[in-house]
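# Coordinate inspection notes
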Amino acid sequence: MAASPALIGFIGYVAAAGAMAVLALLLLTSWRGRLQGGLLLLAVLVSAVWAGLLAVQSQWQAIPVQAIWAAEAARMVAWCLFLLGVLSQLRHALAQRLRLLRWAVLVGGGLLLLPFEDWLPALLPGVGGWLSNARLIGQLLLTVGGLFLVEQVYRNTPWQHRWGIKFLCFGLGAVFVYDFYFFAQALLFGRLDTGVWLARGGVNALVMPLLAVSVARNPQWSFEIAVSRSVVVHSTTLMAAGLYLLFMALAGYYIRAYGGEWSAVFQPLFFFGAALLLIVLLFSGELRSRLRLFVSKHFYSYRYDYREEWLRLISVLSGRVLQATLPERIILALAELVDSPGGGIWVRDADGNCGFRLCWNLPQAEVDQRWQPAELCTALAPDGPVIDLGRQPDDPLVDAALPRWLRESRTLWLLVPLMHETSVLGFVLLARPRAPQQLGWENVQLLQTAARQAASYLALDEAAAALAEARQFDGFNRLSAFVVHDLKNLVAQLSLVSRNAERYRDNPAFVDDAMQTVRDAVERMNRLLLQLRAAVPTGAQERVALRPLLERATAERAVQPPIPKLQVRADTSPEVYVDPERFQSVLRNMIQNAQDATDKHGHVTVTLHTDGDTAIIDIQDDGCGMDSAFVRERLFRPFDSTKGLAGMGIGAYECKTLVALAGGRVDVDSEPGRGTRFSIRLPQAAAQTQQPLAAAV
């Protein structure tokens, strides 16, 4: 069933009242107490009440006529006072005249607010003939005054600031013109046009977005309202789609009414084609680009919402939007800023050569991948200007460095350098945008800033790759250091055998010891070869008894004075989880360090005891000792030694690393001239609840 005109008018007035109420709520929450903002808030509130009363009147006729006329007058007076306030801010020299005009508006509006139909005929008999037209005349005068004020506001605003009030003038001017037509027609024909009256609600509802944009553009009114660009774009798209569907419905009705016998076929065919066209338009990237450009150009003082653009840039560069490589994300991030469909990127490698990396959403045939832009990168530093390839660059060095194929390309548009500090890490070539646009200062500055942020991500990525490579080399270096350290000890043992061979070759005991030493050296060298092939230590932690390891280590170090002494209680036999071969090597090295730090007449004592669930190995000497600063800062640092060229500084570091891997710790008590005690504390195997993992160092 078709809707009645009264229902359509009711819907229009309700929409106007709702839009005005929402705007009033925004103004109320963001008002900072200034007079101009208060006048605007008053005008919007009065307009919301006026629209609500007329909505009720259009459907139920329950509001007294005098209240309706009073609401009409109050609405016009409120808007005129607001316009007078705006005009007083623009032209302080007109303060006296504006004050008189303000009083005239207040007095005239006040008279229209009074119910003079009740008492004026009795006071002045004979005025009933023109009394019915007095309110229409008063409303016409207020409407003309409002149009005059709108014109004065627009005229007295400097041209460079008219973008801030043009939507206010357009909106209020359109409302005043419509009201002038409405009241003038009523005065001329002696009756109100019902259709025009019912349409006023929709007219005022359409004006509210324009007023909201004007409020957002004028912070001097002491409001902080921001209308999102995305909301405006989506609202405009929905409104345009609604108008399109409305016209299509009218066209379909025309086909049904006048199409004759073919209408039954043409109407569904027409609707299908219209719907398909609408879907294609809604998903058109070029249309969306043109719409965003139109909204930014005509509704906002700045083209970009910098907060949204920056958040989008960080999201893209960090990989939360596009799961792709960093160069692809850089192209996407920069392309979105200027609605470019894609581009290519050149990146400097570790050797300093800048070469082609990849294209994103751009055929690789559009670029010369063999181009080496070293000369261009030198010319772009250190300022990093954005180059419009359709224009000749201002810098002759940049102009000379651009190749011919790049100048003649009809697809490529911008060259954006990726600047990090004062060096060029590369550059991005962007394709021409979907909607033609001029390259202004906002585009250039935003692209330069975004490119610097992208370059910082690129530099961080290169640093991370270099760090990972350095860590790999560090792992090999540490392994090599351990291997060389073990080789040094093996060479020392074999050298000792070689030096004593001439003297003790006829001694069977010496020959047996020498052969055992050679066999041990061969086994250790075979293990070192396995470590070198695998690039990681091959030993795994095993449950072993500490006493045999200590006995073997002290026996091997008995070849050098002072002879180490092992002290173990008869009933003490703790077991721990360690790599037995590496741990025995560590014990041997720690005993040797104690011998090297002690005079040949000194003492080196190795003690094994327990403390609860902990096995403790003390290696104590009365040698030269170390100060606290050396113990704290240098002792466990690799490649830091007090032995000069004779030591590698790896023994204490290896000891601490291996003990920590087994879940223990190393304590050092040392003092210059008094000696040193190394305490190796390891958890006993019986107290551990899980099997140890393979060694990782």
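Residues numbered from 1 in each chain as written. Predicted model: local features only at pLDDT ≥ 70, side-chain atom pairs only at ≥ 80, totals over all residues. Heavy atoms only, no water.

Of all 9 residues that make up strand 4 (residues 412–420), 8 are buried, and the element is covered over most of its length. Where strand 3 (residues 387–388) meets strand 4, 2 bridges bridge the pair, whose relative direction is antiparallel. If you follow I387 over to strand 4, its bridge partner there is L415. Two strands pair when backbone bridges link them, and strand 4 and strand 5 (residues 423–431) are joined in this way by 8 bridges, in the antiparallel orientation. Across the sheet, residue L414 finds its bridge partner in strand 5, namely L430. (Buried < 20%, exposed > 50% of the residue type's maximum accessible area, 1.4 Å probe, protein only. Helix = DSSP H or I, 4+ residues; strand = E, 2+ residues; numbered from the N terminus. Pairing = 2+ DSSP bridges.)

What follows covers unusual backbone geometry. At the junction of A381 and P382, the peptide bond is cis and its omega measures out at 0° in the coordinates. Here P382 shows up in the loop between helix 15 (374–380) and strand 3. Omega for the peptide link from P561 to P562 comes to -5°, which places this bond in the cis form. Here P562 shows up in the loop between helix 20 (546–556) and strand 7 (565–568). For D339, which is not a glycine, the phi torsion comes out positive at approximately 60°. Positionally, D339 belongs in the loop between helix 14 (326–337) and strand 1 (343–348). Judged by its relative accessible area of 11%, D339 is buried.

Time to look at the environment of L7. As for its placement among the helices and strands, L7 is situated in helix 1 (residues 5–30). Given a relative accessible area of 33%, L7 falls into the partly exposed group. Sequence separation of L7 and L198 is 191 residues, and the distance between their C-alpha atoms is 9.1 Å.

Let us look at the sheet that holds strand 7. Taken in spatial order, the 5 strands line up as 7-9-10-12-11 in an open sheet, and their pairing is mixed. A single partner strand is all that each edge strand has here, and the edge strands are strand 7 and strand 11 (665–671). For this sheet the average axis-to-axis angle between neighbouring strands, irrespective of direction, equals 15°. Bridging between strand 11 and strand 12 (residues 675–683) involves 7 bridges; their strand directions are antiparallel. Across the sheet, S670 pairs through a bridge with T676, a residue of strand 12. Packing of helix 20 onto the sheet brings it into contact with strand 7, strand 9 (604–611) and strand 10 (614–621), and relative to strand 9 it is tilted by some 175°. Helix-sheet contacts for helix 21 (residues 580–596) involve strand 9, strand 10 and strand 12, and the interaxial angle to strand 10 is about 30°. (Axes fitted to C-alpha atoms, helices over the stretch in contact; angles between N-to-C directions. Contact = heavy atoms within 4.5 Å.)

Turning our attention to a nonpolar patch on the surface. Together, W103, L106, V107 and L111 give the surface a local cluster of nonpolar side chains, amounting to about 420 Å² of exposed area. Here L106 is to be found in helix 4 (residues 95–113). (Patch = residues over 30% accessible without salt bridge, like charges linked within 9 Å, V, L, I, M, F, W, Y side chains within 5 Å. Areas by Shrake-Rupley, 256 points an atom, 1.4 Å probe, with all protein chains shown as cover. Salt bridge = Lys/Arg side-chain N within 4 Å of Asp/Glu carboxyl O.)

Our focus in this paragraph is the confidence of the model for the chain. Summing up the model confidence of the chain, the mean pLDDT is 79 and the portion of residues at 70 or higher is 80%. Of all secondary-structure elements in the chain, the lowest mean pLDDT belongs to helix 5 (residues 116–123), at 52, while strand 10 reaches the highest, 93. Contacts for the low-pLDDT stretch residues 690–697, under 50 throughout, to residues beyond four places or in other chains number 14 contacts. (pLDDT = per-residue confidence, 0-100.)

With 12 residues, helix 14 extends 17 Å from end C-alpha to end C-alpha; this agrees with the ideal 16 Å at 1.5 Å per step. Burial within helix 14 is extensive, with 10 of its 12 residues counted as buried. For helix 14, every residue scored as buried is listed here: L326, P327, R329, I330, I331, L332, A333, L334, A335 and L337. (Expected span 1.5 Å × (residues − 1).)

On to the environment of V77, then. Position of V77 relative to the elements: it lies in helix 3 (residues 65–90). A residue is classified by how much of its surface remains accessible, and V77, at 11% relative accessible area, is buried. Ignoring anything within four residues of it in the chain, the contact list for V77 reads V105, L106, G109 and L142.

Right, let's get into the pattern of salt bridges. In the structure shown here, the tally under the stated rule is 16 salt bridges. Ionic pairing is found between E72 and R75, a salt bridge with its closest N-O pair at 3.9 Å. Residue E72 and its partner R75 are located together in helix 3, separated by 3 residues, close to a single helical turn. Taken individually, E72 and R75 each receive the classification buried, so the pair is uniform in this respect. Notably, a salt bridge pairs R547 with E551, separated by 3.3 Å at the nearest N-O pair. Within this pair, R547 and its partner E551 are both found in helix 20, separated by 4 residues, close to a single helical turn. Exposure remark for E551: the relative accessible area of 38% places this residue in the partly exposed category.

Turning next to the packing of aromatic side chains. One pass over the structure, following the stated rule, counts 12 aromatic pairs. With a centroid separation of 5.6 Å and an interplanar angle of 80°, the aromatic rings of F10 and W60 are classed as edge-to-face. Taken together, the residues span a long stretch of sequence, with F10 in helix 1 and W60 in helix 2 (residues 35–60) at a distance of 50 residues. Given the relative accessible area of 22%, F10 is considered partly exposed. We classify W60 as exposed; its relative accessible area is 53%. A network of ring pairs unites the aromatic residues W346, F356, W371, W405 and F427 as a single cluster. (Phe/Tyr/Trp six-rings, centres within 6.5 Å; stacked < 30°, edge-to-face > 60°.)

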